Amino acid sequence: MNRSSTAQAFANIALIKYWGNRQQALRLPANGSISFNLDGLYARTRVQFSSELTQDQLILNGQAQVGAALERVSRFLDAVRTMAGMKERAVVQSENNFPMGAGIASSAAAFAALSLAGSRAAGLTLSEAQLSRLARLGSGSACRSVPGGFVEWQPGTGDADSYAFSIAEPDHWALVDCVAIVASEHKAVGSTQGHALADRSPLQAARVTDAPRRLARCRAAIRLRDFDALAQVVEQDSTLMHAVMMTSTPPLFYWQPTSLILMQLVPTWRAEGLPVCYTLDAGPNVHVFTLAEYADLVCERLQAVPGVRMVLRAGVGGPACWLE
Ligand code: DP6
(Lines give C-alpha, C1' and ligand atoms only; values in the text may rest on other atoms or scores of the structure.)
Protein backbone atom coordinates (compact mmCIF):
# COMPACT_ATOMS: atom_id res chain seq x y z
CA MET A 1 0.00 0.00 0.00
CA ASN A 2 1.26 3.47 -0.92
CA ARG A 3 1.28 5.31 2.43
CA SER A 4 1.98 8.75 1.04
CA SER A 5 0.19 10.84 -1.52
CA THR A 6 0.28 14.43 -2.82
CA ALA A 7 -2.63 16.35 -4.28
CA GLN A 8 -3.49 19.83 -5.50
CA ALA A 9 -6.74 21.77 -5.38
CA PHE A 10 -7.71 25.27 -6.39
CA ALA A 11 -9.47 27.75 -4.14
CA ASN A 12 -13.01 28.59 -5.22
CA ILE A 13 -15.20 31.68 -5.09
CA ALA A 14 -18.90 31.38 -4.35
CA LEU A 15 -21.39 33.08 -6.66
CA ILE A 16 -24.20 31.94 -4.35
CA LYS A 17 -22.92 31.72 -0.79
CA TYR A 18 -22.84 29.04 1.86
CA TRP A 19 -23.55 30.67 5.22
CA GLY A 20 -24.88 28.73 8.19
CA ASN A 21 -25.23 25.00 8.84
CA ARG A 22 -28.30 23.00 9.70
CA GLN A 23 -25.89 20.50 11.27
CA GLN A 24 -22.61 21.96 12.44
CA ALA A 25 -20.45 18.86 13.05
CA LEU A 26 -21.11 17.34 9.61
CA ARG A 27 -21.21 20.73 7.91
CA LEU A 28 -24.63 20.15 6.39
CA PRO A 29 -25.36 23.59 4.96
CA ALA A 30 -28.50 25.65 5.46
CA ASN A 31 -28.66 26.25 1.68
CA GLY A 32 -27.11 25.13 -1.58
CA SER A 33 -24.28 27.16 -3.13
CA ILE A 34 -22.58 27.69 -6.49
CA SER A 35 -18.93 28.58 -7.13
CA PHE A 36 -16.14 28.34 -9.63
CA ASN A 37 -12.61 27.18 -9.03
CA LEU A 38 -9.85 29.78 -9.11
CA ASP A 39 -7.31 28.65 -11.67
CA GLY A 40 -3.74 28.98 -10.40
CA LEU A 41 -4.62 29.76 -6.74
CA TYR A 42 -3.84 26.37 -5.24
CA ALA A 43 -3.00 24.36 -2.18
CA ARG A 44 -0.62 21.43 -2.56
CA THR A 45 -0.79 18.90 0.20
CA ARG A 46 1.25 15.81 0.96
CA VAL A 47 0.09 13.19 3.47
CA GLN A 48 2.33 10.46 4.80
CA PHE A 49 1.03 7.87 7.25
CA SER A 50 3.58 6.16 9.46
CA SER A 51 3.39 3.65 12.32
CA GLU A 52 6.33 5.45 13.93
CA LEU A 53 4.39 8.63 14.67
CA THR A 54 2.62 9.06 18.00
CA GLN A 55 0.58 12.04 16.84
CA ASP A 56 -0.41 13.86 13.65
CA GLN A 57 1.77 16.70 12.47
CA LEU A 58 0.82 19.66 10.32
CA ILE A 59 3.30 21.83 8.46
CA LEU A 60 1.65 24.79 6.78
CA ASN A 61 3.76 26.82 4.35
CA GLY A 62 6.87 25.47 6.05
CA GLN A 63 5.75 26.18 9.63
CA ALA A 64 4.83 23.47 12.13
CA GLN A 65 1.33 24.10 13.50
CA VAL A 66 -0.07 23.36 16.95
CA GLY A 67 -3.43 24.11 18.55
CA ALA A 68 -6.65 24.68 16.61
CA ALA A 69 -5.23 24.23 13.08
CA LEU A 70 -3.60 20.90 13.97
CA GLU A 71 -6.70 19.70 15.85
CA ARG A 72 -8.91 20.45 12.86
CA VAL A 73 -6.64 18.46 10.52
CA SER A 74 -6.33 15.66 13.07
CA ARG A 75 -10.13 15.39 13.37
CA PHE A 76 -10.30 15.22 9.61
CA LEU A 77 -7.68 12.46 9.53
CA ASP A 78 -9.74 10.59 12.16
CA ALA A 79 -12.56 10.43 9.60
CA VAL A 80 -10.11 9.08 6.99
CA ARG A 81 -8.73 6.54 9.49
CA THR A 82 -12.23 5.36 10.40
CA MET A 83 -13.11 4.88 6.72
CA ALA A 84 -9.88 2.97 6.08
CA GLY A 85 -9.92 1.01 9.35
CA MET A 86 -6.43 2.11 10.34
CA LYS A 87 -4.70 3.79 13.28
CA GLU A 88 -1.48 5.30 11.92
CA ARG A 89 -0.81 8.99 12.45
CA ALA A 90 0.29 11.21 9.59
CA VAL A 91 2.50 14.11 8.63
CA VAL A 92 0.57 16.65 6.55
CA GLN A 93 2.57 19.22 4.61
CA SER A 94 0.54 21.87 2.87
CA GLU A 95 1.45 24.92 0.87
CA ASN A 96 -0.65 27.52 -0.83
CA ASN A 97 0.40 30.28 -3.18
CA PHE A 98 -2.05 32.99 -2.08
CA PRO A 99 -2.57 35.03 1.14
CA MET A 100 -4.45 33.13 3.85
CA GLY A 101 -7.38 34.15 5.98
CA ALA A 102 -8.50 37.29 4.18
CA GLY A 103 -11.48 36.33 2.09
CA ILE A 104 -9.96 33.82 -0.31
CA ALA A 105 -10.98 30.48 1.11
CA SER A 106 -7.59 28.93 1.84
CA SER A 107 -9.31 26.20 3.87
CA ALA A 108 -11.32 25.19 0.78
CA ALA A 109 -8.24 24.45 -1.34
CA ALA A 110 -6.42 22.91 1.62
CA PHE A 111 -9.15 20.45 2.67
CA ALA A 112 -9.97 19.51 -0.93
CA ALA A 113 -6.29 18.65 -1.50
CA LEU A 114 -6.17 16.89 1.88
CA SER A 115 -9.20 14.83 1.01
CA LEU A 116 -7.52 13.49 -2.16
CA ALA A 117 -4.05 13.02 -0.63
CA GLY A 118 -5.29 11.66 2.71
CA SER A 119 -7.70 9.12 1.28
CA ARG A 120 -5.22 7.80 -1.27
CA ALA A 121 -2.41 7.61 1.31
CA ALA A 122 -4.80 5.58 3.48
CA GLY A 123 -5.38 3.15 0.63
CA LEU A 124 -8.94 4.27 -0.13
CA THR A 125 -10.31 4.62 -3.65
CA LEU A 126 -13.12 7.16 -3.55
CA SER A 127 -15.41 8.56 -6.23
CA GLU A 128 -15.53 12.31 -6.90
CA ALA A 129 -18.76 12.58 -4.87
CA GLN A 130 -17.20 10.67 -1.96
CA LEU A 131 -14.09 12.90 -2.08
CA SER A 132 -16.33 15.96 -2.08
CA ARG A 133 -18.29 14.64 0.94
CA LEU A 134 -15.05 13.94 2.76
CA ALA A 135 -13.65 17.41 1.99
CA ARG A 136 -16.90 18.92 3.35
CA LEU A 137 -16.15 17.49 6.79
CA GLY A 138 -12.95 19.58 6.91
CA SER A 139 -14.40 22.78 5.48
CA GLY A 140 -17.80 23.20 3.89
CA SER A 141 -16.64 25.18 0.88
CA ALA A 142 -13.85 22.60 0.30
CA CYS A 143 -16.41 20.19 -1.13
CA ARG A 144 -16.75 22.65 -4.05
CA SER A 145 -13.00 22.60 -4.80
CA VAL A 146 -13.06 18.86 -5.64
CA PRO A 147 -14.98 18.92 -8.97
CA GLY A 148 -13.81 21.20 -11.81
CA GLY A 149 -15.15 24.37 -13.40
CA PHE A 150 -18.51 25.76 -12.26
CA VAL A 151 -19.72 23.75 -9.30
CA GLU A 152 -22.91 23.36 -7.27
CA TRP A 153 -23.05 22.00 -3.72
CA GLN A 154 -26.44 20.44 -3.13
CA PRO A 155 -27.41 20.75 0.53
CA GLY A 156 -28.69 17.15 0.53
CA THR A 157 -30.83 15.43 3.11
CA GLY A 158 -27.86 14.15 5.13
CA ASP A 159 -24.18 13.24 4.98
CA ALA A 160 -24.60 10.86 2.04
CA ASP A 161 -26.03 13.32 -0.48
CA SER A 162 -24.45 16.62 0.61
CA TYR A 163 -21.66 17.04 -1.94
CA ALA A 164 -20.69 19.13 -4.95
CA PHE A 165 -20.64 18.39 -8.67
CA SER A 166 -19.72 20.27 -11.86
CA ILE A 167 -22.51 22.12 -13.60
CA ALA A 168 -20.25 23.44 -16.40
CA GLU A 169 -16.70 22.77 -17.56
CA PRO A 170 -13.94 25.38 -16.99
CA ASP A 171 -13.97 26.42 -20.66
CA HIS A 172 -17.76 26.92 -20.74
CA TRP A 173 -17.44 30.63 -19.95
CA ALA A 174 -14.25 32.73 -19.72
CA LEU A 175 -15.01 34.46 -16.41
CA VAL A 176 -12.12 36.01 -14.52
CA ASP A 177 -12.01 36.86 -10.82
CA CYS A 178 -9.94 40.00 -10.20
CA VAL A 179 -9.44 39.96 -6.44
CA ALA A 180 -8.81 43.40 -4.98
CA ILE A 181 -6.78 42.72 -1.85
CA VAL A 182 -7.70 45.34 0.71
CA ALA A 183 -6.04 43.67 3.69
CA SER A 184 -4.01 40.52 4.02
CA GLU A 185 -4.01 40.09 7.81
CA HIS A 186 -5.77 37.11 9.31
CA LYS A 187 -9.44 37.88 9.83
CA ALA A 188 -10.80 38.38 13.34
CA VAL A 189 -13.68 35.89 13.16
CA GLY A 190 -13.22 32.91 10.88
CA SER A 191 -16.05 31.39 8.88
CA THR A 192 -16.43 28.35 11.16
CA GLN A 193 -17.38 30.63 14.07
CA GLY A 194 -19.41 32.79 11.71
CA HIS A 195 -21.59 29.91 10.46
CA ALA A 196 -22.61 29.20 14.05
CA LEU A 197 -23.88 32.77 14.40
CA ALA A 198 -25.97 32.79 11.22
CA ASP A 199 -29.14 31.59 12.97
CA ARG A 200 -28.75 34.41 15.43
CA SER A 201 -29.74 36.88 12.74
CA PRO A 202 -33.47 37.41 12.09
CA LEU A 203 -32.56 37.75 8.39
CA GLN A 204 -31.06 34.27 7.97
CA ALA A 205 -34.44 32.52 7.60
CA ALA A 206 -35.41 34.86 4.76
CA ARG A 207 -32.03 34.41 3.09
CA VAL A 208 -32.33 30.61 3.23
CA THR A 209 -35.98 30.53 2.09
CA ASP A 210 -35.09 32.60 -0.98
CA ALA A 211 -31.97 30.55 -1.84
CA PRO A 212 -33.64 28.22 -4.40
CA ARG A 213 -34.68 31.27 -6.43
CA ARG A 214 -31.15 32.69 -6.44
CA LEU A 215 -29.64 29.29 -7.24
CA ALA A 216 -32.00 28.89 -10.22
CA ARG A 217 -31.11 32.36 -11.52
CA CYS A 218 -27.41 31.73 -11.13
CA ARG A 219 -27.57 28.33 -12.87
CA ALA A 220 -29.51 29.89 -15.76
CA ALA A 221 -27.09 32.84 -16.04
CA ILE A 222 -24.16 30.41 -16.25
CA ARG A 223 -25.92 28.16 -18.75
CA LEU A 224 -26.82 31.12 -21.00
CA ARG A 225 -23.55 33.00 -20.32
CA ASP A 226 -25.72 35.98 -19.41
CA PHE A 227 -23.38 38.37 -17.58
CA ASP A 228 -26.02 40.94 -16.61
CA ALA A 229 -28.25 38.30 -15.06
CA LEU A 230 -25.25 36.89 -13.21
CA ALA A 231 -24.27 40.35 -11.95
CA GLN A 232 -27.72 40.98 -10.45
CA VAL A 233 -27.95 37.72 -8.53
CA VAL A 234 -24.28 37.60 -7.44
CA GLU A 235 -24.29 41.08 -5.93
CA GLN A 236 -27.64 40.52 -4.24
CA ASP A 237 -26.52 37.20 -2.79
CA SER A 238 -23.30 38.70 -1.42
CA THR A 239 -25.15 41.58 0.22
CA LEU A 240 -27.77 39.23 1.67
CA MET A 241 -25.04 37.16 3.34
CA HIS A 242 -23.35 40.27 4.71
CA ALA A 243 -26.71 41.55 5.97
CA VAL A 244 -27.03 38.31 7.96
CA MET A 245 -23.47 38.68 9.25
CA MET A 246 -24.00 42.29 10.30
CA THR A 247 -27.24 41.46 12.11
CA SER A 248 -26.02 38.36 13.97
CA THR A 249 -25.52 38.43 17.74
CA PRO A 250 -22.68 39.34 18.11
CA PRO A 251 -22.54 41.12 14.76
CA LEU A 252 -19.80 40.49 12.20
CA PHE A 253 -18.58 43.37 10.06
CA TYR A 254 -16.14 42.26 7.39
CA TRP A 255 -16.28 45.31 5.13
CA GLN A 256 -13.61 47.95 5.34
CA PRO A 257 -13.90 51.46 3.87
CA THR A 258 -12.10 50.39 0.68
CA SER A 259 -14.47 47.41 0.31
CA LEU A 260 -17.43 49.78 0.27
CA ILE A 261 -15.73 52.18 -2.15
CA LEU A 262 -15.29 49.27 -4.57
CA MET A 263 -18.87 48.06 -4.04
CA GLN A 264 -20.06 51.49 -5.13
CA LEU A 265 -17.58 51.86 -7.99
CA VAL A 266 -18.08 48.51 -9.74
CA PRO A 267 -21.78 49.07 -10.62
CA THR A 268 -20.86 52.47 -12.14
CA TRP A 269 -18.36 50.68 -14.41
CA ARG A 270 -21.11 48.23 -15.34
CA ALA A 271 -23.41 51.13 -16.17
CA GLU A 272 -20.68 52.35 -18.57
CA GLY A 273 -20.93 49.02 -20.38
CA LEU A 274 -18.10 47.08 -18.75
CA PRO A 275 -19.13 43.53 -17.74
CA VAL A 276 -18.21 43.60 -14.02
CA CYS A 277 -19.82 42.62 -10.74
CA TYR A 278 -18.55 42.00 -7.22
CA THR A 279 -18.85 39.61 -4.32
CA LEU A 280 -17.25 39.47 -0.85
CA ASP A 281 -16.65 36.42 1.35
CA ALA A 282 -15.95 36.48 5.09
CA GLY A 283 -13.31 39.17 4.68
CA PRO A 284 -12.79 42.67 3.27
CA ASN A 285 -11.32 41.70 -0.12
CA VAL A 286 -13.51 42.39 -3.12
CA HIS A 287 -13.80 39.75 -5.83
CA VAL A 288 -14.61 41.49 -9.10
CA PHE A 289 -15.80 39.24 -11.90
CA THR A 290 -15.37 40.10 -15.54
CA LEU A 291 -14.85 38.40 -18.91
CA ALA A 292 -11.31 37.43 -19.98
CA GLU A 293 -11.07 40.11 -22.67
CA TYR A 294 -11.71 42.88 -20.09
CA ALA A 295 -9.55 41.45 -17.30
CA ASP A 296 -6.47 43.62 -17.99
CA LEU A 297 -8.55 46.77 -17.94
CA VAL A 298 -10.48 45.78 -14.80
CA CYS A 299 -7.31 44.80 -12.91
CA GLU A 300 -5.67 48.11 -13.90
CA ARG A 301 -8.69 50.08 -12.71
CA LEU A 302 -8.83 48.19 -9.42
CA GLN A 303 -5.10 48.66 -8.83
CA ALA A 304 -5.55 52.44 -9.22
CA VAL A 305 -8.14 52.65 -6.41
CA PRO A 306 -6.56 54.05 -3.20
CA GLY A 307 -6.53 51.36 -0.49
CA VAL A 308 -6.17 48.45 -2.91
CA ARG A 309 -2.87 46.78 -1.99
CA MET A 310 -2.73 44.32 -4.85
CA VAL A 311 -4.92 42.55 -7.36
CA LEU A 312 -4.86 38.79 -7.84
CA ARG A 313 -6.32 37.31 -10.95
CA ALA A 314 -7.76 33.89 -11.69
CA GLY A 315 -9.79 32.31 -14.46
CA VAL A 316 -11.99 29.24 -14.07
CA GLY A 317 -9.98 26.26 -12.83
CA GLY A 318 -10.19 22.52 -13.19
CA PRO A 319 -10.77 19.81 -10.59
CA ALA A 320 -8.55 18.76 -7.69
CA CYS A 321 -5.98 16.18 -8.77
CA TRP A 322 -3.22 13.94 -7.49
CA LEU A 323 0.30 15.02 -8.31
CA GLU A 324 2.16 11.72 -8.43
C1 DP6 B 1 -18.26 33.24 3.11
O2 DP6 B 1 -16.25 26.77 4.04
O3 DP6 B 1 -14.79 28.57 4.97
O4 DP6 B 1 -16.69 31.88 1.95
O5 DP6 B 1 -16.90 25.02 6.76
O6 DP6 B 1 -16.26 26.46 8.64
O7 DP6 B 1 -14.58 25.93 6.85
P8 DP6 B 1 -16.04 26.15 7.21
O9 DP6 B 1 -16.49 27.44 6.43
P10 DP6 B 1 -16.11 27.89 4.97
O11 DP6 B 1 -17.25 28.97 4.70
C12 DP6 B 1 -17.26 29.68 3.52
C13 DP6 B 1 -18.07 30.90 3.68
C14 DP6 B 1 -17.98 31.87 2.53
C15 DP6 B 1 -19.05 31.59 1.48
C16 DP6 B 1 -18.79 30.45 0.54
O17 DP6 B 1 -17.63 30.17 0.19
O18 DP6 B 1 -19.79 29.87 0.10
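Quick caveat, the model's predicted, so the values are computed rather than measured.

### Let's talk about the domain arrangement of the protein
Much of the literature gives interface size as the accessible area that the parts lose upon coming together.
Turning to step 1, where the next piece is worked out: Annotation of the protein at the domain level lists domain 1 (2-171) and domain 2 (172-314).
Turning to step 2, where the next piece is worked out: The C-alpha centroid of domain 2 is placed 23 Å from the C-alpha centroid of domain 1.
Turning to step 3, where the next piece is worked out: Each partner contributes to the interface: domain 1 provides 35 residues, whereas domain 2 provides 49 residues.
Turning to step 4, where the next piece is worked out: Taken over both partners, the interface formed by domain 1 and domain 2 buries close to 3,300 Å², and the fraction arising from carbon and sulfur atoms is 66%.
Turning to step 5, where the next piece is worked out: The three residues of domain 1 that bury the most area against domain 2 are L15, K17 and W19, which together make up 25% of that side's buried surface.
Turning to step 6, where the next piece is worked out: Between E152 and R219 there is a salt bridge whose closest N-O contact spans 2.8 Å.
Turning to step 7, where the next piece is worked out: When contributions to the side of domain 1 that touches domain 2 are tallied by element, the ones reaching two or more residues are β1 (4-16), β4 (33-50), β8 (150-153) and β9 (164-168).
Turning to step 8, where the next piece is worked out: A total of six residues in the side of domain 1 that touches domain 2 trace back to one element, the largest contributor, which is β4.
Turning to step 9, where the next piece is worked out: Classifying every residue of the side of domain 1 that touches domain 2 by side-chain character gives 20 nonpolar, eight polar and seven charged.

### What to know about the packing of helix α2 (residues 106-121) against helix α3 (residues 128-138)
Turning to step 1, where the next piece is worked out: Where α2 contacts α3, the axes come no closer than 8 Å and their chain directions differ by 120°. Classified by the angle their axes make, α2 and α3 are oblique. The interaxial crossing formed by α2 with α3 has right-handed handedness. Counting all contacts with α2, which are made through F111, A112, S115, L116 and S119, the residues of α3 involved are L131, L134, A135 and G138.

### Side note on the environment of V182
Turning to step 1, where the next piece is worked out: Considering the arrangement of structural elements, one finds V182 in the loop between β10 (175-181) and α4 (191-197).
Turning to step 2, where the next piece is worked out: Each C-alpha atom, one on V182 and one on S259, is 7.1 Å from the other, the two residues being 77 residues apart in sequence.

### Brief notes about the site of the ligand
Turning to step 1, where the next piece is worked out: Every one of the 17 residues lining the ligand counts as a neighbour, but R27, S139, G140, S141 and T192 are closest to it.
Turning to step 2, where the next piece is worked out: A distance of 2.8 Å is found between an oxygen atom of the ligand and a side-chain nitrogen or oxygen belonging to S191.
Turning to step 3, where the next piece is worked out: The element that contributes the greatest number of residues to the shell around the ligand is α4, accounting for three residues.
Turning to step 4, where the next piece is worked out: Among the domains, domain 1 (2-171) and domain 2 (172-314) are the pair contributing at least three residues each to the shell around the ligand.

### Looking at the packing of aromatic side chains
Turning to step 1, where the next piece is worked out: Considering all chains together, one arrives at five aromatic pairs under this definition.
Turning to step 2, where the next piece is worked out: The interplanar angle of 65° and the centroid separation of 4.7 Å between the aromatic rings of Y18 and W153 together place this pair among those described as edge-to-face. A residue pair is termed long-range when its members are at least 10 positions apart, and Y18 in the loop between β1 and β2 (21-23) and W153 in strand β8 qualify at 135 residues.
Turning to step 3, where the next piece is worked out: The class for Y18 is buried, based on a relative accessible area of 8%.
Turning to step 4, where the next piece is worked out: Each member of the aromatic cluster is reached from another via a ring pair, and the members are F36, F150 and F289.
Turning to step 5, where the next piece is worked out: The lysine or arginine in question, R44, covers the ring of Y42, its NZ or CZ lying 4.0 Å from the ring centre.

### Overview of the nonpolar core
Turning to step 1, where the next piece is worked out: L15, F36, L175, I222 and L230 are the most contacted members of the largest nonpolar core, which has 34 residues in total.
Turning to step 2, where the next piece is worked out: Broken down by secondary-structure element, the contributors of at least two residues to this core are β1, β4, α2, β10, α6 (211-224), α7 (227-246), β12 (286-291) and β13 (310-314).
Turning to step 3, where the next piece is worked out: Among the domains, domain 1 (2-171) and domain 2 (172-314) are the pair contributing at least three residues each to this core.
Turning to step 4, where the next piece is worked out: Counting residues in hydrophobic clusters, the runner-up holds 30 residues, among them V80, V92, L114 and A121.

### Description of the sheet that holds β10
Turning to step 1, where the next piece is worked out: Taken in spatial order, the four strands of this open sheet run β11-β12-β10-β13, and their pairing is antiparallel. Because the sheet does not close on itself, it has two edges, and the strands there are β11 (277-279) and β13. Within the sheet, the average angular offset between the axes of one strand and its neighbour, ignoring direction, is 30°.
Turning to step 2, where the next piece is worked out: As judged from the six bridges shared by β10 and β12, these two strands associate in the antiparallel manner. What sits directly across from V179, in β12, is H287.
Turning to step 3, where the next piece is worked out: Relative to the sheet, α7 contacts β10, β11 and β12, its axis offset from that of β11 by approximately 30°.
Turning to step 4, where the next piece is worked out: Along the sheet face, helix α8 (residues 257-271) touches β10, β11 and β12 and points at about 155° away from the line of β11.

### Structural notes on the packing of α6 against α7
The relative placement of two packed helices comes down to the angle between their axes together with the axis-to-axis distance.
Turning to step 1, where the next piece is worked out: Between α6 and α7, the least distance of the axes is 9 Å, while the angle of their chain directions is 145°. Judged by the twist between their axes, the crossing of α6 over α7 is left-handed. Across the interface between the two elements, R213, R214, R217, C218, A221 and I222 from α6 touch A229, L230, V233, Q236, D237 and L240 from α7.
Turning to step 2, where the next piece is worked out: Its residues placed into classes, the contact of α6 with α7 shows seven nonpolar, one polar and four charged.

### Regarding the environment of R81
Turning to step 1, where the next piece is worked out: For R81, the position within the fold is in helix α1 (residues 68-84).
Turning to step 2, where the next piece is worked out: When its relative accessible area of 4% is taken as the criterion, R81 is described as buried.
Turning to step 3, where the next piece is worked out: Taking C-alpha positions, R81 is 8.7 Å from S119, a pair spaced 38 residues apart along the chain.
Turning to step 4, where the next piece is worked out: With residues up to four places along the chain from it excluded, the contact list for R81 reads F49, D56, S74, M86, K87, E88, R89 and A90.
Turning to step 5, where the next piece is worked out: A distance of 2.8 Å separates the side chain of R81 from the side chain of D56, its partner in a polar contact.

Rules used throughout
- Residues numbered from 1 in each chain as written.
- Predicted model: local features only at pLDDT ≥ 70, side-chain atom pairs only at ≥ 80, totals over all residues.
- Heavy atoms only, no water.
- Domains from an automatic or database assignment.
- Contact = heavy atoms within 4.5 Å.
- Buried area = accessible area lost by both parts, 1.4 Å probe.
- Salt bridge = Lys/Arg side-chain N within 4 Å of Asp/Glu carboxyl O.
- Helix = DSSP H or I, 4+ residues; strand = E, 2+ residues; numbered from the N terminus.
- Nonpolar A, V, L, I, M, F, W, Y, C, P; charged D, E, K, R; others polar.
- Axes fitted to C-alpha atoms, helices over the stretch in contact; angles between N-to-C directions.
- Parallel < 35°, antiparallel > 145°, perpendicular 65-115°, else oblique.
- Left-handed = near helix turned anticlockwise from the far one by under 90°.
- Near = heavy atom within 4 Å.
- Polar contact = N/O pair within 3.5 Å; in protein donor to acceptor, adjacent residues only side chain to side chain.
- Phe/Tyr/Trp six-rings, centres within 6.5 Å; stacked < 30°, edge-to-face > 60°.
- Buried < 20%, exposed > 50% of the residue type's maximum accessible area, 1.4 Å probe, protein only.
- Lys NZ or Arg CZ within 6 Å of the ring centre and 35° of its normal.
- Core = buried A, V, L, I, M, F, W, Y, C linked by side-chain atoms within 4.5 Å.
- Pairing = 2+ DSSP bridges.

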